[in-house]
Amino acid sequence: MSFLDEVKWNDRGLVPVVTVAADSGELLMQAWANREALQAAVDERRGVYWSRSRSRIWRKGEESGNVQHLIEILLDCDGDTICYRVEQVGGGACHTGRRNCFFRKLENNIWREFEIEENGNSTLALLEATLEARKSATAEESYVASLFAKGLNKILEKVGEEATEVILAAKDAEAGGEKQREALIAEAADLWFHSMVMLRHLDLSQRQVLAELEKRFKMSGHAEKSSRK
């Protein structure tokens, strides 16, 4: 008997596949596989699935480059659910660019977006979730909400001001002592903060910035700059 015959396929010949990070157990995504996809996953040692919307096999990362190296495959007690344990390479498992597909949490009967980094406790992710929540606050209640209310030009003005303050603080830190270095760290934090406000105003994520930085690890700085021309 083939291992494929031990899987309880549904009436469409599919089985749900839950994909987790092999190192941390983080839940990354849920998709589907048919017999051909599961066999390909075994043969190629990568995340391979069946796309119900496109009616074809798809290999994770075939377009984005965010491939999944397959570590092992598990079958649940009822034989009707598969688990891929993978090494997620490149950016996120989600087509939105996020690390995983489960970024909405039910709070007070409302689905709210949040992000969990690989270690489950990213300061940037927590800050981003807080900034997003401030969009629903009033300008009187929140400084961030007041920036959102004033629009992009005001936010960019603050980014420019903070960038100038970072430059000045860096010059002081080069010639100064520990106190000047602490001041530089504080100014850099202000710049990061207002840059993230800018990203959220434009519905962009810090995860997308991190993914871009990850891509650049694969090429030299000179090659990266040339690729922009």
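Residues numbered from 1 in each chain as written. Predicted model: local features only at pLDDT ≥ 70, side-chain atom pairs only at ≥ 80, totals over all residues. Heavy atoms only, no water.

### A closer look at unusual backbone geometry
Going by this rule: The way it works is that DSSP assigns letters per residue, a run of H or I at least four long becomes a helix, a run of E at least two long becomes a strand, and they are numbered from the N terminus. The rule is simple: take the accessible area with a 1.4 Å probe, protein chains only, and divide by the maximum for that residue type; under 20% is buried, over 50% is exposed, in between is partly exposed.
Of note in this structure, Arg 45 is not a glycine but carries a positive phi near 55°. Looking at the element boundaries, Arg 45 is found in the loop between α1 (35-44) and β3 (48-51). A residue is classified by how much of its surface remains accessible, and Arg 45, at 38% relative accessible area, is partly exposed. Unlike most non-glycine residues, Asp 203 shows phi in positive territory, near 60°. The exposure class assigned to Asp 203 is exposed, which follows from its relative accessible area of 56%.

### Observations concerning helix α3 (residues 143-150)
To be explicit about the condition: We call two N or O atoms a polar contact when they sit within 3.5 Å, provided that within protein one can donate a hydrogen and the other can accept it, with sequence-adjacent residues counted only if both atoms are side-chain atoms.
Restricting attention to buried positions, one finds in α3 the residues Val 144, Ala 145, Ser 146, Leu 147 and Phe 148. With a side-chain oxygen positioned 3.2 Å from the backbone nitrogen of Val 144, the residue opening α3 is Ser 142. Where α3 terminates, the next one or two residues include Gly 151, which has phi positive at roughly 95°.

### Notes on the environment of Ala 41
Here is the rule: The contact criterion used is simple: two residues touch if any of their non-hydrogen atoms lie within 4.5 Å.
Position of Ala 41 relative to the elements: it lies in helix α1. Judged by its relative accessible area of 0%, Ala 41 is buried. Placed 18 residues apart in sequence, Ala 41 and Arg 59 show a C-alpha to C-alpha distance of 8.6 Å. If sequence neighbours within four positions are ignored, Ala 41 has contacts with Arg 46, Val 48, Leu 70 and Tyr 84.

### What about the confidence of the model for the protein?
Stated precisely, the cut-off is as follows: One confidence number per residue, pLDDT, is output by the predictor and ranges from 0 to 100.
Across the protein, pLDDT averages 87, with 90% of residues at or above 70. For the protein, the element scoring lowest by mean pLDDT is helix α7 (residues 221-227), at 60; α1 scores highest, at 97. Across residues 117-121 the pLDDT falls below 50, and counting only partners more than four positions away or on other chains, this stretch makes eleven contacts in the model.

### Focus: the sheet that holds strand β6 (residues 82-88)
What counts, and what does not: At least two bridges found by DSSP between two strands is the condition for calling them paired. Here an angle of 0 to 180 degrees is reported between the N-to-C directions of two axes, which are lines fitted to C-alpha atoms, with helices fitted over the stretch in contact.
Strand order in the open sheet formed by four strands is β2-β1-β6-β5, with mixed pairing between adjacent strands. Each end of this open sheet is capped by a strand with a single partner; those strands are β2 (27-33) and β5 (68-75). Strand-to-strand twist across the sheet, computed as the mean angle between neighbouring axes with direction ignored, equals 25°. Direction of pairing for β5 relative to β6: antiparallel, over a ladder of seven bridges. In the sheet register, Leu 74 faces β6, and the bridge partner there is Cys 83. Of the strands in this sheet, β2, β5 and β6 touch α1, which is tilted by about 40° from β6.

### Concerning the packing of α3 against helix α5 (residues 178-201)
Keep this limit in mind: Angle categories are assigned with fixed cut-offs, so that under 35 degrees is roughly parallel, over 145 is roughly antiparallel, 65 to 115 is roughly perpendicular, and the rest are oblique. Left-handed describes a crossing whose near helix is turned anticlockwise from the far helix by less than a right angle; the clockwise case is right-handed.
Where α3 contacts α5, the two axes come as close as 11 Å, and the packing angle between them is 50°. Looking at the two axes, α3 sits oblique to α5. Crossing geometry of α3 relative to α5 is assigned as right-handed. Packed against α3, whose contacting residues are Tyr 143, Val 144, Leu 147 and Phe 148, the element α5 presents Phe 193, His 194, Val 197, Arg 200 and His 201 at the interface.

### Re the pattern of salt bridges
What counts, and what does not: When a carboxyl oxygen of Asp or Glu is within 4 Å of a side-chain nitrogen of Lys or Arg, the pair counts as a salt bridge.
Tallying each qualifying case throughout the model produces twelve salt bridges. Between Arg 85 and Glu 72 there is a salt bridge, and its shortest N-O distance comes to 2.7 Å. With Arg 85 in strand β6 and Glu 72 in strand β5, this pair connects stretches of sequence that are 13 residues apart. In this structure, a network of salt bridges that share partners links the residues Glu 132, Lys 135, Arg 200 and Asp 203.

### Focus: the packing of aromatic side chains
Put simply, the rule reads: Paired rings are identified among Phe, Tyr and Trp, the last through its six-membered ring, by centres lying within 6.5 Å, and are further divided according to the angle between planes into stacked (under 30 degrees), edge-to-face (over 60) and tilted (the rest). Only when the NZ of Lys or the CZ of Arg is both within 6 Å of the ring centre and within 35 degrees of the ring normal is a charge said to sit over the ring.
Counting across every chain of the model gives two aromatic pairs. Here Tyr 49 and Tyr 84 contribute two aromatic rings whose centre-to-centre distance is 5.3 Å and whose plane-to-plane angle is 45°, an arrangement assigned as tilted. With Tyr 49 in strand β3 and Tyr 84 in strand β6, this pair connects stretches of sequence that are 35 residues apart. These aromatic residues form a ring-pair network of at least three members: Tyr 49, Trp 58 and Tyr 84. The side chain of Lys 135 reaches across the aromatic face of Phe 148, ending 5.7 Å from its centre.

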